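# Chains, contacts and geometry: an overview
If you want the building blocks of each chain, they are given just below.
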Amino acid sequence: METLGHLAHGFSVAFSPINLIWCLVGTTLGTAIGVLPGLGPALTIALLLPITYQVAPEASFILFAGIYYGAMYGGSTTSILLNTPGESATIVTALEGNRMARSGRGGAALATSAIGSFVAGTLGTIGVAFLAPIVVKFALAFGPAEYFSLMVLAFITVSAVLGSSSVRGLTSLFAGFVVGMIGVDLQTGQPRFTFGMSELLDGVDVIVVAVGLFAVGETLYMASRRYAGKDDIVPLKGSLYMTAAEWSRSWRPWLRGSLIGFPIGAMPAGGAEIPTFLSYAIEKKLSRHKDEFGTVGAIEGVAGPEAANNASAAGVLVPMLTLGLPTSATAAIMLSAFQSYGINPGPLLLTTQADLVWGLIASLFIANVILVVLNLPLIGLWVRLLKIPAPQLYAGILVFATVGTYGISQSPIDLVILYLLGAAGFLMRRFDFPTAPVIIGMILGPLAETQFRRAMTISNGDWTVFYKHPLSLTLLTLAFIGLVGPHIWAYIEHRRMRGPEHVPGDA
Amino acid sequence: MSTSDQPAPPRLAVPELLIGVGLLACAGAVAWQTLAIPVSPLYSKVGPTVFPYITMTGMVILSLLLIIAALRGGWQPEDEKATPTDWKAMGIVALGLIANLVLIQPLGFTAASVIMFVLICHGFGSRRPVRDVLLGLILALAAYFGFARALGVNIGAGFIENQLNAIVDSLVTMLRG
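Worth saying up front: this structure is predicted, and the values here are computed from it rather than measured.

### Thoughts on the overall build of chain A
Secondary structure summary: chain A contains 22 helices and 2 strands in total. On the principal axes, the C-alpha backbone points of chain A span a range of 65 × 65 × 55 Å. In chain A, which comprises 507 residues, the proportion classed as buried is 61%. Here the analysis covers contacts within chain A between residues at least 6 apart in sequence; of these, 82% occur between residues at least 24 apart.

### Here we look at the overall build of chain B
If you tally the helices and strands in chain B, you get 7 helices and 0 strands. In chain B, the succession of helices and strands from N to C terminus is α-α-α-α-α-α-α. Across the 177 residues in chain B, those meeting the buried criterion constitute 36%. Expressed as a percentage of contacts within chain B between residues at least 6 apart in sequence, the contacts between residues at least 24 apart total 61%.

### Let's talk about the interface of chain A and chain B
If you look at the interface, chain A gives 61 residues, while chain B gives 67 residues. Listed by contribution, the elements that provide at least two residues to the side of chain A that touches chain B are α8 (166-181), α9 (206-224), α18 (390-409), α19 (412-430) and α20 (436-458) of chain A. Residues belonging to the side of chain A that touches chain B are distributed by class as follows: 34 nonpolar, 17 polar and 10 charged.

### Thoughts on the environment of A337 of chain A
All names here are of chain A. Along the chain, the position of A337 falls in helix α14 (residues 329-340). Residues A337 and L49, spaced 288 residues apart in sequence, show a C-alpha to C-alpha distance of 6.5 Å. A337 has contacts with L49, T52, S60 and F64, leaving out every residue within four places of it along the chain.

### A few points about the nonpolar core
Residues and elements named next belong to chain A. Core analysis: the biggest nonpolar cluster contains 211 residues, and A46, V209, A210, V211, I333 and I439 have the highest contact counts within it. The greatest single-element share of this core, amounting to 15 residues, is contributed by helix α4 (residues 57-82). What A46 contacts, discounting residues up to four positions off in sequence, is V206, I207, A210, V211 and I333.

### So, α18 of chain A
Residue and element names in this part refer to chain A. Look at α18: 30 Å from first C-alpha to last across 20 residues, which is about the 28 Å you get at 1.5 Å a residue. Within α18, 18 of the 20 residues are buried, which leaves it mostly tucked inside the rest of the structure. Looking one or two residues beyond α18, the residue adopting positive phi is Q410, at roughly 50 degrees.

### Remarks on α8 of chain A
Between its first and last C-alpha atoms α8 of chain A spans 22 Å; for 16 residues at 1.5 Å apiece the expected length is 22 Å, and the two agree. Among the 16 residues in α8 of chain A, 16 count as buried, and that is most of the element.

### Thoughts on the environment of V130 of chain B
Residue and element names in this part refer to chain B. Examined against the element boundaries, V130 turns out to sit in helix α6 (residues 129-150). V130 gets classed as exposed once you count the C-beta atoms within 10 Å, which come to 8. Along the primary structure V130 and I54 are separated by 76 residues, whereas in three dimensions their C-alpha atoms are 54 Å apart.

### Let's talk about unusual backbone geometry
Residue and element names in this part refer to chain A. For F193, which is not glycine, the phi dihedral falls at a positive 55 degrees. Residue placement: F193 occurs in the loop between β2 (191-192) and α9. Accessibility expressed as a C-beta count within 10 Å gives 23 for F193, which makes it buried. For F195, which is not a glycine, the phi torsion comes out positive at approximately 50 degrees. When you line up the elements, F195 lands in the loop between β2 and α9.

### What to know about the confidence of the model for chain A
Scored by pLDDT, chain A comes out at a mean of 88, with 94% of its residues at no less than 70. Below a pLDDT of 50 lies the segment residues 500-507 of chain A, which in the model reaches 20 contacts outside its immediate sequence neighbourhood of four places, other chains included.

### What about the packing of helix α6 (residues 106-139) of chain A against helix α16 (residues 354-375) of chain A?
All names here are of chain A. Contact geometry of α6 with α16 gives a least axis separation of 10 Å together with a crossing angle of 180 degrees. For the element pair α6 / α16, the angle class is roughly antiparallel. Across the interface between the two elements, A114, I115, F118, G121, T122, T125, V128 and A129 of α6 pack against I361, L364, F365, N368, V372 and N375 of α16.

### Things to note about the environment of A142 of chain B
All names here are of chain B. Along the chain, A142 turns up in helix α6. Look at A142 and you get partly exposed, because 14 C-beta atoms sit within 10 Å. Along the backbone, A142 and G58 are 84 residues apart, and their C-alpha atoms lie at a distance of 44 Å.

### Some remarks on the confidence of the model for chain B
Residues and elements named next belong to chain B. Averaged over all residues, the pLDDT of chain B is 83; the fraction at 70 or higher stands at 85%. Across chain B, the element-wise mean pLDDT spans from 74 in helix α3 (residues 78-82) up to 93 in helix α2 (residues 50-71). Confidence drops under pLDDT 50 across residues 1-5; counting only partners more than four residues distant or on other chains, this segment forms 4 contacts. Per the prediction output, this complex has pTM 0.89; the corresponding ipTM is 0.86.

### Here we look at the packing of helix α1 (residues 2-14) of chain A against α6 of chain A
Residues and elements named next belong to chain A. Running from N to C, α1 and α6 point in directions that differ by 120 degrees, and their axes come no closer than 10 Å. Of the possible angle classes, the one that applies to α1 and α6 is oblique. When you trace α1 past α6, the crossing you get is right-handed. Contact residues: E2, T3 and L7 in α1; A129, F130 and P133 in α6. Counted by class, the contact of α1 with α6 contains 4 nonpolar, 1 polar and 1 charged residues.

About the criteria used
- Counting of residues starts from 1 at the beginning of each chain's written sequence and follows it residue by residue.
- To label them, take the chains in the order written and letter them from A, then take the ligands in the order written and number them from 1.
- For a predicted model such as this one, the threshold for reporting local features is a pLDDT of at least 70, and the threshold for listing and counting side-chain atom pairs is 80 or more; totals across whole chains, interfaces and linings nevertheless cover every residue.
- Secondary structure elements are taken from DSSP: a helix is a run of H or I of four residues or more, a strand is a run of E of two residues or more, and numbering for both begins at the N terminus.
- The burial criterion counts other C-beta atoms lying within 10 Å of a residue's C-beta, which is placed from the backbone; the residue is buried at 20 or more, exposed at 12 or fewer, and partly exposed between these limits.
- In this description, any two residues whose backbone-derived C-beta atoms lie within 7 Å of each other are considered to be in contact.
- Three classes are used: nonpolar for Ala, Val, Leu, Ile, Met, Phe, Trp, Tyr, Cys and Pro, charged for Asp, Glu, Lys and Arg, and polar for all others, with Gly counted as polar.
- A set of buried Ala, Val, Leu, Ile, Met, Phe, Trp, Tyr and Cys residues, joined to one another through C-beta atoms within 7 Å, is what we call a nonpolar core.
- An expected span of 1.5 Å times one less than the residue number is assigned to each helix.
- As a per-residue measure, pLDDT reflects the predictor's confidence and takes values from 0 up to 100.
- Only C-alpha atoms enter the line fits that serve as axes; for helices the fit covers just the stretch in contact. Angles between N-to-C directions range over 0 to 180 degrees.
- For classification purposes, an angle smaller than 35 degrees is called roughly parallel, one larger than 145 roughly antiparallel, one from 65 to 115 roughly perpendicular, and anything else oblique.
- What makes a crossing left-handed is the near helix being turned counterclockwise from the far one by less than a right angle; a clockwise turn instead makes it right-handed.

Next up, the structure:
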């Protein structure tokens, strides 16, 4: 029960007035950017990274975590009322939630998603508090070879297993590697990939990459799709108070969703897509109101996936804090915030930075309480945000994007790189390449390289170190199965379904 | 993908092919830059070029797989193919970005941002330039003061910023008495 003592200490950190204000600012901002289409937590945290030069680490991580959780709550509002899911994790919420809103039960949909998020977020945060010390004990046995293999596994799962195509996912990941290698090699002092430009010696800032891919690329894409004025907001009807029947139909999906979401999020694979789809499928199967699915909207189909989404968001923090392994774009940018403080997340973080870690976990509990209050009684406020017209919204996003980028070094070169990355982001969006692996590859790639070189130095240049250590071999085998397994499976399925004559060229 | 028993001959997808070839060119650039990394014999075991070479190999394989997919008809989702690209809107938005890049040093952040804001709004179909100028000005100043004064990020100041900074500074000294 060591954890409870740590948590008590964490609450004493999180309950300081200044940290409570940071938590409030973060959750409010997070809800706002979650509600607004085109803005996500990864972009927002990237733009706010300069704050790490100004305030204590506790304060900025409480702010970032508030934004991270808040965006999950806000995102569901948009998918229910607007049916344009801001991110992949809320696609499923839109399926039933928007139908409920159209049949006049928008209030209940918003309520079950907010309360479900609270239940799952709280359970997930308890999970982080109790699982993290266990993972740390396990991780202390890791040497550089094991770390490298673990990172390989994470690379494969985030880019090849999740998402629609492993080739396109890996392409994004490798693009991220290239961007991450730009600059001076820290071990030998040699400049790499700088094309002879002194501006590139310090490397490309993660702010520029996140802003280019998420803000500039997204704006260009929306402009090319004649986005302007197409959405219709479903007016909020129905009481926000759920009836007894709605409560009794919601609580089991909340718990099931949390149980599905947290473990999947906590695995070094991350991603909220799989747990939300899984939860949706299970609720559809178990529901006694199957006729409501896909017609008037079933409350179970909102409650379950919404809980799974938030629980997996909490789960992602476990590998991030204990292994320094980010499995989502947002977690990768938070990792670069740690680096900006000179802190290396890893097994020692929980002891060397106890104030920070336990203060952060405690603040997540507080954030959940604040978020329920922000998202239920104050829902009218956020609905009003949805009415911001697209032209001014996207133009405004780019104004902030430019400040964030130009402010790094006041060099127009940064803007040129930003626009090049924006063009790349547009092409990626248009041709269905995932963007998160770029950020993960860029942040985690150099760390993997460091572990690789460390392992090779210890083993005196002997490559076999990666498969002679049993743990390392297991991780690499899992990565290999993750890469090849789905293809073999699809091939077998395909042969069984259609006979052997035609294999579709799906990269 | 074919729907009947007789598979339709796959059509070459030009945009996807260009992406595959573009990635191959990127792999070439990576190779060129990797060869340019000076390697000290001290680090010959796992030097600074090992990862670049692994990355380059990966990129070559992936670009070949993308090119094969393009030859087999590409991978674009049907609804993406069906929607025509609005080149005019995109062009105006891109013009706004370039205007910002060119003007941010001579005019300062605020003025360049307002011009970009108005152009992007126009690209997205807004036809009320005066309102957009005012909105852009408010947002740019909010962004400027939010970042420059609160976050301590140094953003290039032009005429507007200098005037406002002088006013704010004098207000602050006045309030402090």
